[in-house]
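# Survey of secondary and tertiary structure
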Amino acid sequence: MTTQKPQDTPPLADRLASFIGRKGATLVSPDPVNAAMIRQWCVAMDDPAAPEYAASGTAPAAMLQVWTMPGWKPKPSGPDAVAELFALLDAEGYSSIVATDSEQDYLRPLQLGETISATKTIDTISDEKKTGLGVGYFVTTHIDIVDAKGDSVGRQLHRVLKFRPPVQAATAAVAPAPAAPQARRPRPNVTRDIAFYFEAAREHRLLIQQCKACGSLQHPPWPSCAKCGSFDMGHQAMSGRGEVYSFTVVHSPVVAPFKPPYNVVLVRLEEGVNVISEIRGVPNDQIRIGMQVEVDFVDVDAGMVLPVFRPATGREKLPPLIFPLDRSTIVATALATRDYQPVHHDPDYARAGGSKDTFMNILTSQGLVGRYVTQWAGSGAVLKRTAIRLGVSNYPGDTMVMRGEVVSRKPAAGGGEEVDIAVRGSNSLGDHVTGTAVVVLPTQEKNP
Ligand code: ZN
């Protein structure tokens, strides 16, 4: 005896399963690869390589997905299992969408004038998951990107979360109770003697006061030299490497906004001067005297950047990229990547879907990873792959700082050197993007 009548709709799980392996519509780039879109993308991404792309007649690799984006007011383009799947999830109440992962392999640089097309295939649909955004399904697709001859030019794995937006207040007339103001971190007393230290921190540099007369370093800064008495004081850039000289873990008293237990660490910089700070990236019970550490910088709240330390990896670091997230930039980068989803330009729409505000789109996050690594690698280098996962959103008014470090170097199959780079872009809320990039550097010219 079954309770299900034959005419009943099958369970959602079965209907979702029927989509596995089906394809979306093939999207043909509405415009061939062109200099105007490349230049606009470079401006929005603050990519200094625009003249090099113009000279070589090639497109930034990380623009791969941009060319076939449907754009503003797209026309339906034939049968599309991905659209059908999303329509089904919409109808079941999973009406919000957010991209979570994207992995792109760049098989060759795209040339000006060529037309490419992209076809999406549905690989997997997760069980219903509880997430920080709401209950929903992760849908993983792969995209095959081919040129006019049908030869593969790139591959992409793409994952989105289709989720139920949180229930909104029944009426907007009832204003929500204002949240209790969050305690801000105490402001440092910034005198003329110490201003350089915090100004440098905002640029992610660690400077220590140095006497111009006798060269000794001292910290905290002071109007005169403790060694020779000179008032002629300057400052000097530090390597950022050091070791834990002493530390304590504070459990009490509780002083907002500090949440106990937290550590307070005295780091001896390799230049020989001590700095009080904190260690992140290691549990408090694993901090040890003598532990090798290196400096990092965190935006503790708007306008205040502090040096902290992390366990040393000993890896080669890329210089940080500081990317301000003003409202216009969020919109400009969405449009430069031909992404017209309203969550990236319409604050009311974004809030109705449960977001705090508009937020940066994933094509921009991935584009910035590509542009960051490419700038470091220099001209002649070829970006082969970027793989990213998104965390907290990039909202207007914040700043994202992207950092990278070299994970490995090895000879590339076709000559040159293949470099694996770990990348992390963080804002005041935490990590926005984490991932890896692979770039092939040209073989170094040897002097005869
Ligand atoms: Zn001195």
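Just above sits the structure.
No experiment lies behind these values; they were computed from the predicted model shown.

The next thing to look at is the overall build of the protein chain. When you go through the protein chain residue by residue, the secondary structure sums to eight helices and 19 strands. Principal-axis analysis of the C-alpha atoms gives the protein chain an extent of 90 × 70 × 40 Å. Burial status across the protein chain gives 43% buried among its 448 residues. Summarising the internal contacts of the protein chain: among those between residues at least 6 apart in sequence, 67% fall at separations of at least 24. When the 45 basic and 46 acidic side-chain charges of the protein chain are each reduced to a single mean position, those positions are 2 Å apart.

Looking now at helix α6 (residues 327–336). Buried residues of α6: Thr329, Ile330, Thr333, Ala334 and Ala336, and no others. When α6 is viewed along its axis, its buried side chains cluster within an angular range of 165° and face the same direction. Of the residues trailing α6, Arg338 is marked for its positive phi of about 55°.

Here the zinc ion is held by the protein donor atoms Cys211 (SG), Cys214 (SG), Cys225 (SG) and Cys228 (SG), which lie 2.3 to 2.4 Å from it. Relative to the metal, the four donor atoms surrounding the zinc ion lie at angles of 103 to 114°, and the coordination shape comes out tetrahedral. The sequence motif formed by the donor residues of the zinc ion is C-x2-C-x10-C-x2-C. Of the two residues, Cys211 is situated in strand β7 (residues 207–211) and Cys225 in the loop between β8 (217–218) and β9 (233–237); the sequence distance between them amounts to 14 residues. Given a relative accessible area of 3%, Cys211 falls into the buried group.

Nonpolar side chains in soluble globular proteins tend to end up buried together. Core analysis: the largest hydrophobic core is formed by 65 residues, its most contacted members being Trp67, Leu85 and Met402. The leading source of residues in this core is helix α8 (residues 362–377), at seven residues. Those residues in contact with Trp67, other than ones at most four positions away along the chain, are Ser29, Pro30, Pro32, Val33, Asn34, Met37, Ile38, Ala59, Leu110, Ile116 and Arg338. Tyr197, Ala200, Ala201 and Val273 belong to the second largest nonpolar core, which has 26 residues in total.

Rules of the game
- Residues numbered from 1 in each chain as written.
- Predicted model: local features only at pLDDT ≥ 70, side-chain atom pairs only at ≥ 80, totals over all residues.
- Heavy atoms only, no water.
- Helix = DSSP H or I, 4+ residues; strand = E, 2+ residues; numbered from the N terminus.
- Buried < 20%, exposed > 50% of the residue type's maximum accessible area, 1.4 Å probe, protein only.
- Contact = heavy atoms within 4.5 Å.
- Lys, Arg positive; Asp, Glu negative; His and termini not counted.
- Charge placed at Lys NZ, Arg CZ, Asp CG, Glu CD.
- Arc of directions from axis to C-beta.
- Donors = N, O, S within 2.8 Å, 3.2 Å for Na, K, Ca; no water.
- Tetrahedral: all angles 85-135°; square planar, octahedral: opposite > 155°, others 65-115°.
- Core = buried A, V, L, I, M, F, W, Y, C linked by side-chain atoms within 4.5 Å.

By themselves, these observations are geometric and do not establish any function.
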